[in-house]
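Working through the structure, step by step
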Amino acid sequence: NGVVNVIRRHTTTALCINERESRLAQDMEQYFLSLAPPDERSSAETATQGVRYMHNDIDLRPDSLEEAQRCRENGWDIDDTTELQKWRDQEPINAHSHLLSMLVGSSESIPVVDGKMVIGQWQSILLVDLDGPRDRTVGVQFMGYL
């Protein structure tokens, strides 16, 4: 008995409890695209003309000392112009994914009784990849009695 906490570990994924059903997944995709369509510069099939997000102005990044420091801490020698361009080249055009992830959620806490999660019959824990597909992971922590 206890609680299991599940967190997403990527800024372009979301975590929620809902029904895992294919037609609902299609509805979710269409709804998300209506809320935050991909930037016109995106390689996504659903890129939308006239939509531009500042996060996707890759050629202007890093644009602060803080962001530059985060790049360095993550192994990018952005003070070298060749390395800076490599960093920019690998950055995806994905602001819409970040925005949607904030709306859907980043974690769930689920009660556990007699070793089983207490969720509804049709409920599942969903990791929603808003910028994939690619390999993703979640963090899981169990608290309680064994």
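Cut-off values and rules
Residues numbered from 1 in each chain as written. Predicted model: local features only at pLDDT ≥ 70, side-chain atom pairs only at ≥ 80, totals over all residues. Heavy atoms only, no water. Helix = DSSP H or I, 4+ residues; strand = E, 2+ residues; numbered from the N terminus. Rg over C-alpha atoms; globule rule 2.2 N^0.38 Å. Polar contact = N/O pair within 3.5 Å; in protein donor to acceptor, adjacent residues only side chain to side chain. Buried < 20%, exposed > 50% of the residue type's maximum accessible area, 1.4 Å probe, protein only. Contact = heavy atoms within 4.5 Å. Phe/Tyr/Trp six-rings, centres within 6.5 Å; stacked < 30°, edge-to-face > 60°.

1. Section: the overall build of the chain
- Secondary structure summary: the chain contains four helices and six strands in total.
- For the chain, the N- to C-terminal ordering of α and β elements is β-β-α-α-α-α-β-β-β-β.
- For the chain, whose C-alpha radius of gyration is 19 Å, the value lies well above the compact-globule estimate of 15 Å for 146 residues.
- In terms of its C-alpha atoms, the chain occupies a principal-axis envelope of roughly 55 × 35 × 20 Å.

2. Some details on the environment of Asp79
- Tracing the sequence through the fold places Asp79 in the loop between α2 (65–73) and α3 (81–90).
- In the structure, Asp79 is positioned 56 residues away from Asp135 in sequence and 30 Å away in space, judged by C-alpha atoms.
- At 2.9 Å, the side chain of Asp79 forms a polar contact with the side chain of Arg72.

3. Description of helix α4 (residues 95–104)
- Within α4 the residues assigned to the buried category are Ala95, His96, Ser97, Leu100 and Ser101.
- Taken together, the buried residues of α4 touch β1 (2–8), β2 (13–19) and α1 (22–35).

4. A word on the packing of aromatic side chains
- A complete count under the given rule lists one aromatic pair for this structure.
- A centroid spacing of 6.3 Å and a plane angle of 45° characterise the contact between Tyr31 and Phe32, whose relative ring orientation is tilted.

5. Looking at unusual backbone geometry
- Residue Arg61 is joined to Pro62 through a cis peptide bond whose omega torsion reads -5°.
- Relative to the helices and strands, Pro62 resides in the loop between α1 and α2.
- Here the amide bond leading from Gly132 into Pro133 is cis, since omega sits at 5°, within 30 degrees of zero.
- Structurally, Pro133 can be placed in the loop between β5 (123–129) and β6 (138–144).
- Residues other than glycine seldom take positive phi values, yet Asp114 does so here, at roughly 55°.

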